[in-house]
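What follows is the residue order along each chain.
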Amino acid sequence: MAGAVKSTNWRLLGEWALLFIVTTLIAVASFQQSFIQRIDASLLDFAAQATLAPPDESIVIVEIDDRTLDEIETWPWDRARHADLVTALSAMNPELIVMDILFLEPSEGEGDAQLADAIAQAGNVVLPHTFVQQPGQINGVIPAYPLDEFAAGASGIGHVAVGPDPDGVVRQIQLAIELESGDFPHLAAVTKNLAAPVSSAAETWPDNPVVPMQKAGSFRSISASEVLSQQVLPEFITGKIVLVGATAQGLGDRYAVASGTGQIIPGVEVQANTLDALLQDRLITAVPDRIAILILVLVLALLSIALWKLSPRWSLWTSVGLIAALLLGSMGMIIVAGKWLPVSAAILGIVIIYPLWGWRRLAAVSRFLQSEAEKFRSYAERKSTEDEEGFDTIARQVSLVKGLLGETRETLSFLRKVISASPDPMLVFDGAGQLVMQNSQADQLFGDADTNSPKNFDQMLAAKDVAKSASGKEITMPGGRVFLVAEAEFDVGDEGEVLTLRDITRIRRAEEERQQTLEFLSHDMRSPQAAIIGLTRKLGDSLEEKERLTRIEDQARRTLKLT
């Protein structure tokens with residue numbers, strides 16, 4: 001039986017290890033799958049909203065909106081109109097003028113020259129650039145800069161490339177794009193360095209950080225028509241970072257942003273959000289994949305150990321607790337440290353491993369129940385199928401084993417009664433020599449088995465100061481009672497031993513009395529016999545024959561009387 005138990009344990013250990021390895025591989029493989037990334041993105045969107053602070057009041061958006069197009073002119077504007085806008089803004093002394101409008105191709109007329117002059121005169125204009133397909137190549141791209149006359153007067157130039165995530169939502173912004181021709185910083189990064197320069201020669205940016213997006217319309221804004229018509233108080237613009245971009249319907253670029261805002265916002269607001277996150281240090285960066293995978297493996301290992309060591313109830317609570325810890329920890333890292341830990345793959349692993357292990361354990365329980373029922377086949381044959389209650393196989397097996405256990409309890413109770421009814425003290429020890437059961441007669445000798453701390457027979461004897469014979473077959477209680485120790489070994493399941501203590505006190509006392517009597521008689525009979533021997537030898541020579549024979553007769557009669 002012990003061998004069967006060891007075989008079962010090794011099989012379960014192998015299943016446990018295999019389940020952990022397979023689940024871990026599935027979880028790691030799903031780490032880069034789109035459906036897992038979508039779940040992680042939703043969690044990220046939810047947590048990112050908690051990091052949002054009120055928009056930086058130093059950022060102002062000048063919108064080329066529907067009102068502007070209605071009042072000024074339709075799009076596209078002549079470059080001279082852009083020059084007028086830059087000149088009007090420059091007159092109100094903003095800190096920076098950031099144009100979210102590409103000026104890549106020359107135009108007709110004097111507009112280009114006027115705009116180049118306005119940019120140069122302002123001295124604080126930041127221009128955007130983009131990337132175009134490299135001629136003669138399929139995948140290569142090259143930067144597309146503003147016209148040279150515009151770039152010459154600009155304070156800085158940055159790219160405005162935006163790449164949405166696989167679900168079409170803009171979350172990550174490439175603050176620096178590396179190409180063979182060089183590094184190209186983002187428009188917001190260039191603006192931030194101009195507005196709040198760092199002490200080092202060049203500021204490094206994290207790779208593809210997540211930018212928490214404000215709701216549409218969160219930034220202070222004003223219509224370009226109001227600027228051109230001089231209807232704006234200078235205080236609204238003075239000292240501010242002004243972003244100029246198109247927001248009119250059907251005009252310019254628009255992007256879907258995180259589900260926390262659930263809106264489509266124009267490109268200029270994407271630039272404003274990116275600049276706001278840089279100024280307030282609210283960028284969210286993902287932890288390296290190797291760290292996320294390591295945490296995934298550790299979580300699954302911890303759960304696997306819990307499944308092996310803990311009860312089903314605590315295993316369930318451990319699974320729920322690990323999922324909660326992953327979610328709260330991931331969100332907490334975003335809020336506290338601006339770090340994003342994707343946890344959906346780890347949660348997927350938990351969702352896979354817990355029910356699978358539960359299924360394997362349930363299968364093992366089912367096998368055990370069936371095996372136990374087979375061991376009591378005589379009872380199972382007596383028990384009709386109508387007596388087996390339960391909706392499914394497991395429930396019916398439980399019902400059957402429940403009945404078997406009931407009969408076993410009754411049998412055990414009967415055996416206890418038999419042992420208790422024995423007139424002799426009886427003690428039952430297991431294979432390790434530890435007390436398992438004793439009857440009431442043994443309780444009177446050694447105390448209650450439930451409160452008796454010594455469980456070994458020799459310890460029990462020592463605790464009661466009981467003398468044990470050299471052969472170990474007899475014990476003598478302090479009161480003088482003598483017991484014969486009768487041993488009976490058994491080998492049913494685990495090895496064990498039954499000791500029966502038979503009271504032989506009366507027998508031992510009778511033997512002692514007999515011995516004392518024999519010793520007394522032998523002493524009294526020795527004297528007349530010695531006298532007879534003496535009379536037949538020299539002692540009798542001094543006596544006459546008649547006297548000597550008379551004395552011999554007297555001693556013989558005395559011996560006969562003692563006998």
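The structure under discussion appears in the preceding block.
Residues numbered from 1 in each chain as written. Predicted model: local features only at pLDDT ≥ 70, side-chain atom pairs only at ≥ 80, totals over all residues. Heavy atoms only, no water.

Q: Which residues make up the overall build of the chain, and what are the values?
A: Counting its regular elements, the chain contains 19 helices and 19 strands. Burial analysis of the chain (563 residues in total) assigns 40% to the buried set. A separation of at least 24 residues holds for 67% of the contacts in the chain among residues at least 6 apart in sequence. Split by element, the accessible area of the chain, about 31500 Å² in all, is 56% carbon and sulfur. (Helix = DSSP H or I, 4+ residues; strand = E, 2+ residues; numbered from the N terminus. Buried < 20%, exposed > 50% of the residue type's maximum accessible area, 1.4 Å probe, protein only. Contact = heavy atoms within 4.5 Å. Areas by Shrake-Rupley, 256 points an atom, 1.4 Å probe, with all protein chains shown as cover.)

Q: Can you lay out the nonpolar core for me, pointing to particular residues and giving the numbers?
A: In terms of nonpolar packing, the biggest core is built from 36 residues, with Val62, Ile64, Leu85, Leu89, Met99, Val227 and Val244 touching the most fellow members. Of all elements in the fold, only strand S1 (59-64), helix H4 (79-91), strand S2 (96-99), helix H5 (111-122), strand S3 (125-133), helix H8 (224-228) and strand S9 (241-246) reach the threshold of two or more residues within this core. Among residues more than four places away in sequence, those in contact with Val62 are Leu85, Leu89, Ile222, Ala224, Val227, Val242, Leu243, Val244 and Gly245. (Core = buried A, V, L, I, M, F, W, Y, C linked by side-chain atoms within 4.5 Å.)

Q: Requested: an account of helix H17 (residues 505-535), with residues and values cited.
A: The first and last C-alpha atoms of H17 sit 46 Å apart over 31 residues, in line with the 45 Å expected at 1.5 Å per residue. Listed as buried for H17 are Thr505, Asp524, Pro528, Ile532, Gly534 and Leu535. (Expected span 1.5 Å × (residues − 1).)

Q: Run through the environment of Ala256, naming residues and quoting values.
A: Here Ala256 is to be found in strand S10 (residues 254-256). Excluding residues within four positions of it along the chain, Ala256 makes contact with Gly168, Val169, Val170, Gln263 and Ile264.

Q: Describe in detail the packing of helix H10 (residues 289-309) against helix H11 (residues 312-337), supporting the description with residues and values.
A: For any two helices packed against each other, the geometry comes down to the angle between their axes and how far apart the axes lie. Between H10 and H11, the shortest axis-to-axis distance is 9 Å and the interhelical angle comes to 165°. Viewed along their axes, H10 and H11 adopt a mutual orientation that is roughly antiparallel. With respect to the hand of their crossing, H10 and H11 are arranged in right-handed fashion. Each of Val299, Leu302, Leu303, Ala306 and Leu307 in H10 lies in contact with H11, whose residues at this interface are Ser315, Thr318, Ser319, Leu322 and Leu326. Partitioning the contact of H10 with H11 into residue classes produces seven nonpolar, three polar and no charged. (Axes fitted to C-alpha atoms, helices over the stretch in contact; angles between N-to-C directions. Parallel < 35°, antiparallel > 145°, perpendicular 65-115°, else oblique. Left-handed = near helix turned anticlockwise from the far one by under 90°. Nonpolar A, V, L, I, M, F, W, Y, C, P; charged D, E, K, R; others polar.)

Q: Please give an account of the pattern of salt bridges that cites residues and values.
A: Overall, the coordinates contain 12 salt bridges when judged by the stated rule. One salt bridge in this structure joins Asp276 and Arg282, with 2.4 Å as the shortest N-O distance. With respect to class, Asp276 is no different from Arg282; both count as buried. (Salt bridge = Lys/Arg side-chain N within 4 Å of Asp/Glu carboxyl O.)

Q: Explain the pairing of strand S7 (residues 182-185) residue by residue, including any values.
A: Here strand S6 (residues 176-179) runs beside S7; their pairing, made up of four bridges, is antiparallel. Within S7, the position partnered with Leu179 by the bridge is Gly182. Counting the residues in the hairpin turn of S6 and S7 gives two residues. (Pairing = 2+ DSSP bridges.)

Q: Explain the pairing of strand S15 (residues 435-438) to me, and be specific about the residues and the numbers.
A: Alignment of strand S14 (residues 426-430) against S15, held across three bridges, turns out to be antiparallel. In the sheet register, Phe429 faces S15, and the bridge partner there is Leu435. A loop of four residues connects S14 with S15, the two strands running antiparallel in sequence, and Gly433 in this loop sits at a positive phi of about 80°.

Q: Which residues make up the packing of H17 against helix H19 (residues 545-562), and what values do they have?
A: Look at H17 against H19: their axes get within 9 Å of each other, and the N-to-C directions meet at 160°. It follows from the interaxial angle that H17 and H19 lie roughly antiparallel. Considering the relative orientation of H17 and H19, their crossing is left-handed. Across from Leu521, Asp524, Met525, Pro528, Gln529, Ala531, Ile532 and Leu535 in H17, the residues of H19 making contact are Arg548, Arg551, Ile552, Gln555, Ala556, Arg558, Thr559 and Leu562. Its residues placed into classes, the contact of H17 with H19 shows nine nonpolar, three polar and four charged.

Q: Quick one: what's the story with the packing of aromatic side chains, residue by residue and with numbers?
A: All chains considered together, the criterion is met by eight aromatic pairs. On the basis of an interplanar angle of 85° and a centroid distance of 5.6 Å, the ring pair of Phe131 and Phe184 is categorised as edge-to-face. Note that Phe131 is positioned in strand S3 and Phe184 in strand S7, a separation of 53 residues in sequence. Each of the two residues, Phe131 as well as Phe184, counts as buried. Plain terms: the ring middles of Phe429 and Phe457 are 5.9 Å apart, the flat faces sit at 70° to each other, and that makes the pair edge-to-face. Placement of Phe429 in strand S14 and of Phe457 in helix H16 (residues 457-463) is noted, with a sequence separation of 28 residues between them. Using a relative accessible area of 3% as the deciding quantity, one classes Phe429 as buried. Here a set of aromatic residues connected by ring pairs shows up, and it is made of Trp16, Trp308 and Trp357. (Phe/Tyr/Trp six-rings, centres within 6.5 Å; stacked < 30°, edge-to-face > 60°.)

Q: I'd like to hear about the environment of Lys561, residue by residue, with values.
A: With respect to the helices and strands, the residue Lys561 is situated in helix H19. For Lys561, a relative accessible area of 76% gives the class exposed. Considered as a pair, Lys561 and Met525 are 36 residues apart in the sequence and their alpha carbons are 9.6 Å apart.

Q: Explain the side chain of Thr285 to me, and be specific about the residues and the numbers.
A: Positionally, Thr285 belongs in strand S12 (residues 285-286). Side chain to side chain, Thr285 and Lys339 meet in a polar contact 3.1 Å long. In this structure, Thr285 is in contact with Pro206, Pro209, Gly338, Lys339 and Trp340, ignoring residues within four places of it in sequence. (Polar contact = N/O pair within 3.5 Å; in protein donor to acceptor, adjacent residues only side chain to side chain.)

Q: Give me helix H7 (residues 187-195): which residues, what numbers.
A: Inspection of H7 places Leu187, Ala188, Ala189, Val190, Thr191 and Lys192 among the buried residues, and these make up the whole buried set. Where H7 is buried, its residues contact S2, S3, strand S5 (156-159), S7, S9 and helix H9 (267-279).

Q: Give a detailed account of the side chain of Ser315, specifying residues and quantitative values.
A: Within the secondary structure, Ser315 sits in helix H11. Within the local environment of Ser315, its side chain forms a polar contact with the backbone oxygen of Ala306, the two atoms lying 3.4 Å apart.

Q: Break down the environment of Glu269 for me, citing the residues and quoting the values.
A: Mapped onto the secondary structure, Glu269 falls in helix H9. The exposure class of Glu269 is buried, given its relative accessible area of 6%. Between the C-alpha atom of Glu269 and that of Met213, which follows or precedes it by 56 residues, the distance is 8.9 Å. Residues contacting Glu269, with those up to four places away along its chain left out, are Ile61, Lys215, Ala216 and Gly217.

Q: Mind laying out unusual backbone geometry, listing which residues take part and the relevant values?
A: Across the junction of Trp75 and Pro76, the peptide omega takes the value 0°, indicating a cis bond. Note on placement: Pro76 falls in the loop between helix H3 (66-71) and H4. One non-glycine residue with positive phi stands out, namely Gln230, at about 60°. You can see Gln230 is positioned in the loop between H8 and S9. You can call Gln230 exposed: its relative accessible area is 72%. Unusually for a residue other than glycine, Asp465 sits at a positive phi of about 60°. Within the secondary structure, Asp465 is located in the loop between H16 and strand S16 (467-468). By relative accessible area, Asp465 is classed as exposed at 64%.

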